[in-house]
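One letter stands for each residue in the lines below.
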Amino acid sequence: MIDTPLGQALNKGEPLLWLNPAYQATQSEQSELSLTDIHQADQRLRRFAPLLSQLFPELQDSNGLIESELLPADALKQQYFSALPGRLMIKGDHALPVAGSIKARGGIHEVLCHAEHLALKHSLLSNTDDDYLTLTSPAAKALFNHYEIAVSSTGNLGLSIGVIGAALGFKVIVHMSMEAKDWKKKRLRDRGVTVVEHSDDYSAAVAAGRAASDADPKSYFVDDENSPRLFLGYAVAALRLQQQLIEQQIQVDAKHPLFVYIPCGVGGAPGGINFGLKQIFGPYVHCFFAEPVQAPCVLVGMQSSADSEPDSVYSLGLKVDTEADGLAVSMASKWVCSVMQNILSGVFTVADDELFSQLYQLFQTEAIQIEPSAAAGFAGPRWLTESEQGKTYQSQQTLEQCMSNATHLIWTTGGLFVPPEEMQKFQQRGARAVRS
Ligand SMILES: *Cc1c(COP(=O)(O)O)cnc(C)c1O
């Protein structure tokens, strides 16, 4: 695609907004997954909630549910988005407990699926109405310790899988790609997780991790590129958000559109959320993914033909060179791209300097601290309301008349466990970026 106008623009590494030409406000095709599957994932998380609350004291207040707040962003809006029509809000997954990132819902759901399956098979649980607290027994730990869970990660997925896997008693191996931060590796090793460091990129770490795990029948591989279990765990966020919108009396309907801006790596987390929100809000929700200018793998993957592997961003002369480690992915999940085909509104790209200035501005106005990956969504509202492409989208979807009733929701996806000295460096770089 390097010889197309879009390919040329991406190659230059300049930020842009791409509108998905295959987007359909009302879906015609039935997907292999449904709202029922999302409810089942939610039910599974609820079955495990008493156990989670025992394993992780920070979940006691929420009775074992791993959820984040829906926050107004009035100060940020006043200072930096004063011309934005509608309401500005933040979905605060930067503070998601246990894993400290959006990976908590998906990663923990997948490990719980596996643990539940093993426990039922080995009669530790007689059925899904049984008391799940028995899974903290020495017998359960001994069973889980027979099995290995493996995953490849740029950092945050490994953190999520490693923390829950180790807490249940599994052996956990995390294959880290080259961009993984040292503090994320240390946090895992401190919990007894084996961390294998790869000097290659994420897609290569996935291939290596998958091959090693497939060779061992007792090893279960959490496959970020092909996992409905991860995807459905992420999608549960949509049910939770629906509830929070109701509680805060925020309408989403034909006259009150909801725009959601989510940072995107391989595509699973934002894809699951996009899918879940579409099941609930149909044509009234509009999801845009945010990717680094150096790693727009889902944007590229959405152009690739259905019968081949997605193109990698390297084929466009890009280098995956970004401080947004959570988004540093060269090749998208083919499966996620196919599920997104008609439901994703578009993708915008963000330069690293902008990530840092956004995280600085967010801290200055709202006292919220996030990691660079989690800042990618903040460029969204401007792309939608001020750019040529954004105006085209508004007119295609006949939204111009209701923009002043819109809710713009920026998803902040990670940051809780960033060590203070790292956070200080991010803030300093942000302050420099804002001044220049
Ligand atoms: C993983 C991650 C994302 C994106 O999720 P994908 O499933 O890789 O698309 C966004 N932000 C942060 C902080 C992440 O760790």
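Residues numbered from 1 in each chain as written. Predicted model: local features only at pLDDT ≥ 70, side-chain atom pairs only at ≥ 80, totals over all residues. Heavy atoms only, no water.

*Asks:* Hey, could you run me through unusual backbone geometry in this one?
*Replies:* For residues that are not glycine, phi is negative in most cases, and the peptide bond is trans in most cases. Residues other than glycine seldom take positive phi values, yet Val 98 does so here, at roughly 75°. Residue position: Val 98 is located in the loop between β3 (87-92) and α5 (103-121). Assessed through its relative accessible area of 5%, Val 98 is described here as buried. Although it is not a glycine, Ser 123 sits at a positive phi angle of roughly 60°. Assessed through its relative accessible area of 62%, Ser 123 is described here as exposed. (Helix = DSSP H or I, 4+ residues; strand = E, 2+ residues; numbered from the N terminus. Buried < 20%, exposed > 50% of the residue type's maximum accessible area, 1.4 Å probe, protein only.)

*Asks:* Looking at this structure, I do not really get the domain arrangement of the protein chain. What am I missing?
*Replies:* In many reports, interface size means the accessible area that the parts give up when they come together. Domain boundaries in the protein chain define domain 1 (5-100 + 235-435) and domain 2 (103-228). Between the C-alpha centres of domain 1 and domain 2 the distance comes to 25 Å. Taken together, the contact pairs 37 residues of domain 1 with 33 residues of domain 2. Buried area between domain 1 and domain 2, summed over both chains or domains, comes out near 3400 Å², and the portion from carbon and sulfur atoms is 64%. By the criterion of area lost to domain 2, the three top residues of domain 1 are Arg 47, Phe 48 and Asp 325, representing 18% of everything that side buries. Run the count over domain 1 and domain 2 and you get seven salt bridges. Where Asp 93 meets Arg 105, a salt bridge forms, and the shortest distance between an N and an O atom there is 2.8 Å. At the boundary of domain 1 with domain 2, the tally comes to 15 residue pairs in polar contact (both at pLDDT 80 or more). (Domains from an automatic or database assignment. Contact = heavy atoms within 4.5 Å. Buried area = accessible area lost by both parts, 1.4 Å probe. Salt bridge = Lys/Arg side-chain N within 4 Å of Asp/Glu carboxyl O. Polar contact = N/O pair within 3.5 Å; in protein donor to acceptor, adjacent residues only side chain to side chain.)

*Asks:* Explain the site of the ligand here, please?
*Replies:* For the ligand, the set of nearby residues contains 15 residues, the closest of which are Lys 103, Asn 156, Gly 265, Gly 267 and Thr 413. Between the ligand and Gly 265 there is a distance of 2.7 Å, counted from an oxygen atom to a backbone nitrogen or oxygen. Interatomic distance of 3.0 Å between a backbone N/O atom of Val 266 and an oxygen atom of the ligand. For the shell around the ligand, the per-class residue count stands at six nonpolar, eight polar and one charged. (Near = heavy atom within 4 Å. Nonpolar A, V, L, I, M, F, W, Y, C, P; charged D, E, K, R; others polar.)

*Asks:* Help me understand helix α14 (residues 352-366), please; the structure alone is not making it clear to me.
*Replies:* Every α-helical turn comprises 3.6 residues, leaving residues that sit three or four positions apart pointing alike. With 15 residues, α14 should cover 21 Å at 1.5 Å per step; its first-to-last C-alpha distance of 21 Å lies within 8% of that length. α14 sits mainly inside the fold: eleven of its 15 residues count as buried. For α14, every residue scored as buried is listed here: Asp 352, Leu 355, Phe 356, Ser 357, Gln 358, Leu 359, Tyr 360, Gln 361, Leu 362, Thr 365 and Glu 366. (Expected span 1.5 Å × (residues − 1).)

*Asks:* Is there a simple way to think about the packing of helix α7 (residues 156-168) against helix α8 (residues 182-189) in this case?
*Replies:* Helix packing for two helices is described by the angle between their axes and how far apart those axes are. One can describe the packing of α7 onto α8 by two numbers: an axis separation of 10 Å at closest approach and a directional angle of 10°. In terms of their interaxial angle, α7 and α8 are classed as roughly parallel. In contact with Asn 156, Gly 158, Leu 159, Gly 162 and Val 163 of α7, α8 contributes Trp 183, Lys 184, Arg 187 and Leu 188. A breakdown of the residues in the contact of α7 with α8 according to their chemical character gives four nonpolar, three polar and two charged. (Axes fitted to C-alpha atoms, helices over the stretch in contact; angles between N-to-C directions. Parallel < 35°, antiparallel > 145°, perpendicular 65-115°, else oblique.)

*Asks:* For this particular structure, what's the right way to read the sheet that holds strand β5 (residues 171-176)?
*Replies:* Sheets are built from strands paired through backbone hydrogen bonds, the pairs being either parallel or antiparallel. Sheet architecture is open: four strands sit in the order β6-β5-β4-β7, paired in parallel fashion. A strand with exactly one partner marks an edge of an open sheet, and here the two such strands are β6 (194-197) and β7 (219-222). This sheet shows a mean twist of 20° between the axes of neighbouring strands, independent of strand direction. Here strand β4 (residues 148-153) runs beside β5; their pairing, made up of six bridges, is parallel. By the bridge assignment, Glu 148 is partnered in β5 with Lys 171. Across the sheet, α8 lies against β5 and β6, angled at about 150° from β6, the strand it touches most. (Pairing = 2+ DSSP bridges.)

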